[in-house]
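# Tertiary structure, described
Listed below, chain by chain, are the residues.
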Amino acid sequence: MRPIAVFLASFMGLLGRGAATADAGENVIGTRPPEWTVGQWIGSEPMTLASLRAKVVVVRWWTGPDCPYCAGSVPVLNGLGKDFRKRGVVVIGMYHHKSSGPLTREHVVAQRDRLGIEFPVAIDAEWKTLRRWWLDGRDRAFTSVTFVLDRKGVVRHVHRGGEIAAGSADAAALEKAVEACL
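Worth saying up front: this structure is predicted, and the values here are computed from it rather than measured.

What follows concerns the overall build of the protein. When helices and strands are tallied, the protein shows five helices and six strands. Shown N-terminal to C-terminal, the secondary structure of the protein runs as helices and strands in the order α-β-β-α-β-α-β-α-β-β-α. Counted over contacts in the protein with a minimum sequence separation of 6, partners at least 24 positions apart contribute 74%. Of the roughly 9,500 Å² of accessible surface on the protein, a fraction of 54% belongs to carbon and sulfur atoms.

This is how it looks when you write it as structure tokens:
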């Protein structure tokens, strides 16, 4: 084989392994994630996983309006929060900073407002919780991941990242997971 062909074959093999195993999220289904380590909260008093027991919790990491996956997912997440709030569902946004500008509370509030986020947001400034829940030594295609925790705090569904568009199979799977936890 020519050198470029060898390189491409190796590269495609790595991609194939990563897509098949690293991104699926099966390794966290059925586990209880550790308590989050976050700084400030926007739109809510600080919450803990322990304080949310007996609730179904949807947690979505997001970065801002420049992220098309985050922007495209907000309508579905806002809808879940509205439609299921009275049944004990809490949607929480975890902001993880990717901007080249400084991380300030004002920056996060502006990003939240530009996206139209209607649920509480915590700032995962150093990605501590994101690393422990999702990245922790694994190659992942996205950091905009979504978790559904049942009333006992156990992970029952993971949307491995990217957009959750209204009317999509991903949105239907997310809603089905929330329903199953109720």
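Our next topic: the nonpolar core. Membership of the largest hydrophobic core comes to 27 residues, with the highest contact counts inside it found for W62, V148 and V178. Listed by contribution, the elements that provide at least two residues to this core are β2 (56-62), α2 (68-84), β3 (89-95), α3 (105-115), β4 (121-123) and α5 (169-181). Among the elements that take part in this core, α2 stands out by supplying six residues, more than any other. When neighbours within four sequence positions are excluded, V148 is seen to be in contact with V56, V57, V58, V154, V155, R156, H157, L174, A177, V178 and C181. Judged by nonpolar contacts, the second largest core, of 23 residues, contains V28, V57, W134 and L149.

Moving on: α3. Structural remark: α-helix, 3.6 residues per turn; residues separated by three or four positions point the same way. Of the positions making up α3, those classed as buried are H107, V108, Q111, R112 and L115. Within α3, the buried residues cover an arc of 135° as seen down the axis, which keeps them to one side. The exposed residues of α3 that point more than 90 degrees off its buried face are E106 and R114. Structurally, α3 contributes buried residues whose contacts are with β1 (41-42), β2, α2, β3 and β4.

Moving on to the packing of aromatic side chains. The full count for this structure, using the stated rule, is eight aromatic pairs. Consider the rings of W36 and W41, whose centres lie 6.0 Å apart with planes at 55°: the pair is tilted. The exposure class assigned to W36 is buried, which follows from its relative accessible area of 6%. Since its relative accessible area comes to 7%, W41 is described here as buried. Here the aromatic cluster, defined as three or more aromatic residues joined through ring pairs, consists of W36, W41, W61, W133, W134 and F147. Lying across the ring of W134, R140 places its NZ or CZ 3.6 Å from the centre.

Where α2 meets α5, the axes come as close as 11 Å, and the angle between the chain directions of the two elements is 25°. The angle between α2 and α5 falls in the class roughly parallel. You can see that α2 and α5 cross each other, and the crossing is right-handed. Along its contact with α2, which presents V76, L77, L80 and F84, the element α5 presents A171, L174, E175, V178 and E179. The residue inventory of the contact of α2 with α5, partitioned by class, reads seven nonpolar, no polar and two charged.

Inspection of the secondary structure assignment puts N78 in helix α2. At a separation of 2.9 Å, a polar atom in the side chain of N78 contacts the main-chain amide nitrogen of E118. Ignoring anything within four residues of it in the chain, the contact list for N78 reads G116, I117, E118 and F119.

Quick notes on the rules
- Residues numbered from 1 in each chain as written.
- Predicted model: local features only at pLDDT ≥ 70, side-chain atom pairs only at ≥ 80, totals over all residues.
- Heavy atoms only, no water.
- Helix = DSSP H or I, 4+ residues; strand = E, 2+ residues; numbered from the N terminus.
- Contact = heavy atoms within 4.5 Å.
- Areas by Shrake-Rupley, 256 points an atom, 1.4 Å probe, with all protein chains shown as cover.
- Core = buried A, V, L, I, M, F, W, Y, C linked by side-chain atoms within 4.5 Å.
- Buried < 20%, exposed > 50% of the residue type's maximum accessible area, 1.4 Å probe, protein only.
- Arc of directions from axis to C-beta.
- Phe/Tyr/Trp six-rings, centres within 6.5 Å; stacked < 30°, edge-to-face > 60°.
- Lys NZ or Arg CZ within 6 Å of the ring centre and 35° of its normal.
- Axes fitted to C-alpha atoms, helices over the stretch in contact; angles between N-to-C directions.
- Parallel < 35°, antiparallel > 145°, perpendicular 65-115°, else oblique.
- Left-handed = near helix turned anticlockwise from the far one by under 90°.
- Nonpolar A, V, L, I, M, F, W, Y, C, P; charged D, E, K, R; others polar.
- Polar contact = N/O pair within 3.5 Å; in protein donor to acceptor, adjacent residues only side chain to side chain.

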